[in-house]
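This is what each chain is made of:
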Amino acid sequence: MLLKELSSLTSPLSEAQTEKLKQLTSELNAVQLAWVSGYLSATAEQGAQGQSGVALSAESQPAQTVTVLYGSQTGNGRGVASELAAKAQALGYGVNLVSMGDYKVRQLKQETLLLAVVSTHGEGDAPDDAIELHKFLSSKRAPKLDNLHFSVLALGDSSYEFFCQTGKDFDEKFTSLGAKALLPIVECDVDYEAAAEQWQTEVLEAVKPFIQNDSSASVVPFVGGSAISVAESGFTKQKPFTAEVLVSQKLTGRDSDRDVRHVEIELGESGIQYQAGDALGVWFTNNENLVDDILAKLSLDADENVTLADKALTLKQALIDNKELTQLNPNTVKAWAALSQNATLLTLCEDKAQLRQYVINHQVIDLISQYPATVTAAQFVDLLRGITPRLYSIASSQSEVESEVHLTVALVEEEHDGEARFGGASQFLASATEGTQVKVYVEPNNHFRLPSNPDTPVIMIGPGTGVAPFRAFMQERAAQGVSSNSWLFFGNPHFEQDFLYQVEWQQYLKAGELTRLDLAFSRDQAHKVYVQDKIAEQGADLWQWLNEGAHLYICGDAERMAKDVHQALIEVAMTHGELNLEQANAYFETLRTDKRYQKDVY
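Quick summary incoming for the structure in this document.

Notes on the packing of aromatic side chains
The description of an aromatic ring pair uses the distance of the two centres, along with the angle that the planes make with each other.
Next, step 1: Inspection of every chain in the model, using the stated rule, returns 21 aromatic pairs.
Next, step 2: Ring centres of Y358 and Y371 lie 6.3 Å apart, and the angle between their planes is 55°; on these two criteria the pair is classed as tilted. One end of the pair, Y358, is in helix α11 (residues 352-361); the other, Y371, is in the loop between α12 (364-370) and α13 (377-383), with 13 residues separating them in the sequence.
Next, step 3: Residue Y358 is classed as buried on the basis of its relative accessible area, which comes to 5%.
Next, step 4: Considering the side-chain rings of F490 and F521, the 6.3 Å spacing of their centres and the 70° angle between planes classify their relative orientation as edge-to-face. Placement of F490 in strand β18 (residues 486-492) and of F521 in strand β19 (residues 516-521) is noted, with a sequence separation of 31 residues between them.

Set out below in structure tokens:
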């Protein structure tokens, strides 16, 4: 029976309850509806048996449980794993959905069915929540896994040399320990949705015989004595909230060589909640002038219709709303090389290192300008990736700004052949005016959190826009009346032009809410000074803070800054802690394991 057919006369629900049920189900997708169906079925069955709540007794739990593990840096892996768990529950499988960061590695030898979704971070590195399990599988402590059947979905970005490396590592380690693959590893690029959905379907079919062949297994949607809530509530990457920009205000001075914006977005009555340390996902549209330039260079008709996901729309609208134009990827370059048959480009595509450098330093318009080719509208949209949202560290605390969310956005700007090139999302946000609509969602970052004990000292290292989450940290601490020691290291080129949120930091210092502030303005003197130099200068005090239990945070550029800062910290431990190199590395590894050393790097 459809809900629209329900009434207080034909249903045991009251009219008010029926309306609530209609409202709830109208907001759910098919997977979420399936999960709710299983939840209600199990609850009704338990109610009939006179049980209270939804927890299962040990006797009624399924003997065969599907464990779904995820390792996720930006939330994509968590999202895919959650969808998979919801689909498994809808089929009646017992499911254990857990982050690799929360997984007890000693449990691994007890597993019989394990489905892993894991991304690769940076240059082939495991995401933060997968590091411990990754290390465990490579250690002598890893057990034989002869009874385990598994499958791995690897998420990655083919723009990087070590594409999907962490997923490959897990697949190889499981196999070497005796586990048997349900399916070959599936490697997904940035546009992963279709491949991930196909893997979900196939892997759930592959585990079916192991569930059905176990006569003692119960068909229930819960395991471990509690409900697994895998249905995402509120707004998500797939279902973002349409918010409004309140302010996009330049923070840097008029003579600065960079344009950094403070962006305030109104979340209205969306009910969206976030914590200090979380990121905001921002869907953007491409600049219309850029699209016009591309169409002119290709001699394509802006009004020609193309089809995307069975939907017809004009070529221009498709390029503005749906296609990635400011970030190249190797597959697009290779496809264009095949179309153009340009010898130079074809040769470049054969060299992985050269191809990667080209992808990093050029955009779609550079590619089509440098290597002309004749292409149809349909061919062109097919060789482009879909737009993906950008994640920005949230620069505010809801305890302070309530229904707003603030970002610190650096406009990505370069010059190629005398023409300016801009980042897609950063240009969208930098040029936004009051009332501009923007689709957003919160991406939780549970691996970048203030200490649970407010008396714990914190050390924050955030040069440039890396200072954003620490503004959120300080707002949260001030709102909660936290007075424990706090120390900020900040750096940028020039004091007068690039001191982001200068007045706010000085106010925190004056109020005693920020204990120490060390600044590194690299271009204000003959020799360049960076935050790592300030760390070395203050090494004795920093070491003392760490020994007194301080939590250490780094945010910003992963390529150079984070590595240089980490090396400076190692040297502090060796100089002031009298540790050798191996001991110093082990010390910070222990801090990381204990969640006292956290990074939000990009």
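Moving on from the coordinates now.
As for the nonpolar core
A general feature of soluble globular proteins is that nonpolar side chains tend to end up buried together.
Next, step 1: Counting residues in hydrophobic clusters, the biggest one holds 36 residues, and the most contacted among them are I294, L319, V333, W336 and F380.
Next, step 2: Elements with a contribution of two residues or more to this core: α7 (288-298), β10 (305-308), α8 (315-321), α9 (330-340), α10 (343-349), α11, α12 and α13.
Next, step 3: Here this core gets five residues from one element, more than from any other, and that element is α7.
Next, step 4: Ignoring any residue separated from it by four or fewer positions in sequence, one finds V333 in contact with L328, L345, C349, L355, Y358, V359 and L367.
Next, step 5: Core analysis: the second largest hydrophobic core is formed by 29 residues, V529, L546, L591 and V601 among them.

Describing α11
Next, step 1: For α11, every residue scored as buried is listed here: L355, R356, Y358 and V359. All buried residues of α11 lie within an arc of 160° about the axis, which places them on one face of the element.
Next, step 2: In this structure, the buried side of α11 is in contact with α9, α10 and α12.
Next, step 3: One side-chain oxygen of the residue at the start of α11 lies 3.0 Å from the amide nitrogen of A353, identifying that residue as D351.

Re the sheet that holds strand β16 (residues 437-443)
Next, step 1: If you walk across this open sheet you meet the six strands as β12-β9-β16-β7-β8-β13, and the pairing is antiparallel. Looking at strand neighbours, the two that pair on one side only are β12 (390-393) and β13 (404-410), the edges of this open sheet. Taken over all neighbouring pairs, the strand axes of this sheet differ in orientation by 40° on average, direction set aside.
Next, step 2: Sheet analysis places strand β9 (residues 279-283) next to β12, joined by four bridges and oriented antiparallel. Within β12, the residue paired with G281 across the bridge is L391.

A look at the sheet that holds strand β20 (residues 551-556)
Next, step 1: Pairing within the open sheet is parallel, and its five strands lie in the order β19-β18-β17-β20-β21. Strands with a single pairing partner mark the edges of an open sheet, and in this sheet they are β19 and β21 (597-601). Ignoring which end each strand starts from, the neighbouring axes of this sheet average 10° apart.
Next, step 2: Two strands pair when backbone bridges link them, and β20 and β21 are joined in this way by five bridges, in the parallel orientation. Paired with L552 across the bridge in β21 is Y597.
Next, step 3: The strands touched by helix α20 (residues 539-547) are β17 (458-461), β18, β19 and β20; relative to β18, the strand with the most contacts, the crossing angle is about 135°.

Some words on the pattern of salt bridges
Next, step 1: One pass over the full model with this rule turns up 18 salt bridges.
Next, step 2: The closest approach of N and O atoms between D157 and R385, which form a salt bridge, is 3.7 Å. Here D157, found in the loop between β4 (149-155) and α5 (165-176), pairs with R385, found in the loop between α13 and β12; they are 228 residues apart in sequence, far enough to count as distant.
Next, step 3: According to the relative accessible area criterion, D157 is partly exposed, its value standing at 23%.
Next, step 4: Among the salt bridges present, the one from K316 reaches E288, with a minimum N-O distance of 2.8 Å. Highlighted residues: K316 in helix α8 and E288 in helix α7, separated in sequence by 28 residues.
Next, step 5: Exposure remark for K316: the relative accessible area of 18% places this residue in the buried category.
Next, step 6: Three or more residues joined by partner-sharing salt bridges are found here, namely E132, K135, E589 and R592.

What counts and what doesn't
Starting afresh in each chain, residues are numbered from 1 along the sequence in its written order. Local features in this predicted model are restricted to residues of pLDDT 70 or higher, and side-chain atom pairs are both shown and tallied only at a pLDDT of 80 or more, whereas totals for entire chains, interfaces and linings draw on every residue. In computing side-chain properties, one takes all heavy atoms of the structure into account and sets aside hydrogens as well as water. Pairing of aromatic rings covers Phe, Tyr and Trp, the last counted by its six-membered ring, and requires centre-to-centre distances within 6.5 Å; plane angles under 30 degrees mean stacked, over 60 mean edge-to-face, and any other angle means tilted. A run of DSSP states H or I qualifies as a helix once it reaches four residues; a run of E qualifies as a strand once it reaches two. Both are numbered from the N-terminal end. For the exposure calls, accessible area comes from a 1.4 Å probe over protein chains only, and a residue counts as buried if that area is under 20% of its type's maximum, exposed if over 50%, partly exposed in between. Buried Ala, Val, Leu, Ile, Met, Phe, Trp, Tyr and Cys residues that are joined via side-chain atoms within 4.5 Å together make up what is termed a nonpolar core. Pairs of residues are marked as contacts when any of their non-hydrogen atoms sit within 4.5 Å. Think of the arc as the fan of directions from the helix axis to the C-beta atoms. Contacts described as polar in this section are N or O atom pairs within 3.5 Å, which, within protein, must combine one atom able to donate a hydrogen with one able to accept it, while residues neighboring in sequence count only if both atoms come from side chains. Only strands that DSSP links by at least two bridges are regarded as paired with each other. A fitted line through C-alpha atoms serves as each axis, taken over the contacting stretch for helices, and the angle formed by two N-to-C directions is quoted from 0 to 180°. A pair is scored as a salt bridge if a Lys or Arg side-chain nitrogen falls within 4 Å of a carboxyl oxygen belonging to Asp or Glu.

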